[in-house]
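Structural overview
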Amino acid sequence: MKIAFIMGSLLLSLSVFASRVEVDVNGMSCGMCIESITKELKATDKAENIAVNLEERKATFDEIKGKKMSDGEIKAAIKKAGYDAAKIRRK
Ligand SMILES: [Cu+2]
């Protein structure tokens with residue numbers, strides 16, 4: 001019963017989010033950087049659960065299902081915030 005519930009939640013979360021995306025970002029230095037990157041990713045309307053880590057120089061987010069973002073779109077959003085997306089990984 002409990003396992004069925006866990007499996008169900010797992011399937012549900014898989015169906016809600018298309019994929020987890022991890023972006024290496026160059027040029028971040030403070031909390032304002034985090035804010036502007038988060039804002040621009042959110043503005044695409046394709047990213048959820050956005051987390052920007054200053055120490056790891058990384059932005060991580062979930063693509064909203066059915067709204068896949070191309071590498072170009074991700075780079076454009078990061079660039080709009082004033083930074084450079086170095087490497088994009090999908091999990
Ligand atoms: Cu900053």
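For the structure given in this document, a descriptive report is provided here.

Scoring rules and cut-offs
Residues numbered from 1 in each chain as written. Predicted model: local features only at pLDDT ≥ 70, side-chain atom pairs only at ≥ 80, totals over all residues. Core = buried A, V, L, I, M, F, W, Y, C linked by C-beta atoms within 7 Å. Buried ≥ 20, exposed ≤ 12 C-beta atoms within 10 Å, placed from the backbone. Helix = DSSP H or I, 4+ residues; strand = E, 2+ residues; numbered from the N terminus. Contact = placed C-beta atoms within 7 Å. Pairing = 2+ DSSP bridges.

1. Some points on the nonpolar core
Residues Val23, Val25, Ile37, Ala59, Ile74 and Ile78 are the most contacted members of the largest nonpolar core, which totals 17 residues. Take this core: its biggest share by element is four residues, from helix α3 (residues 71-81). Every residue in contact with Ile74, bar those within four places of it in the chain, is listed here: Val21, Val23, Met69, Ala85 and Ile88.

2. Quick look at the pairing of strand β2 (residues 47-53)
Every regular strand shows the same layout, with side chains that alternate between the two sheet faces. As paired strands, β2 and strand β3 (residues 58-64) are joined by five bridges and run antiparallel to one another. Of the residues in β3, the one forming a bridge with Asn53 is Lys58. The turn joining β2 and β3, which pair antiparallel and follow one another in sequence, is formed by four residues; a positive phi near 50° is taken by Arg57.

Read these as geometric descriptors, not functional statements.
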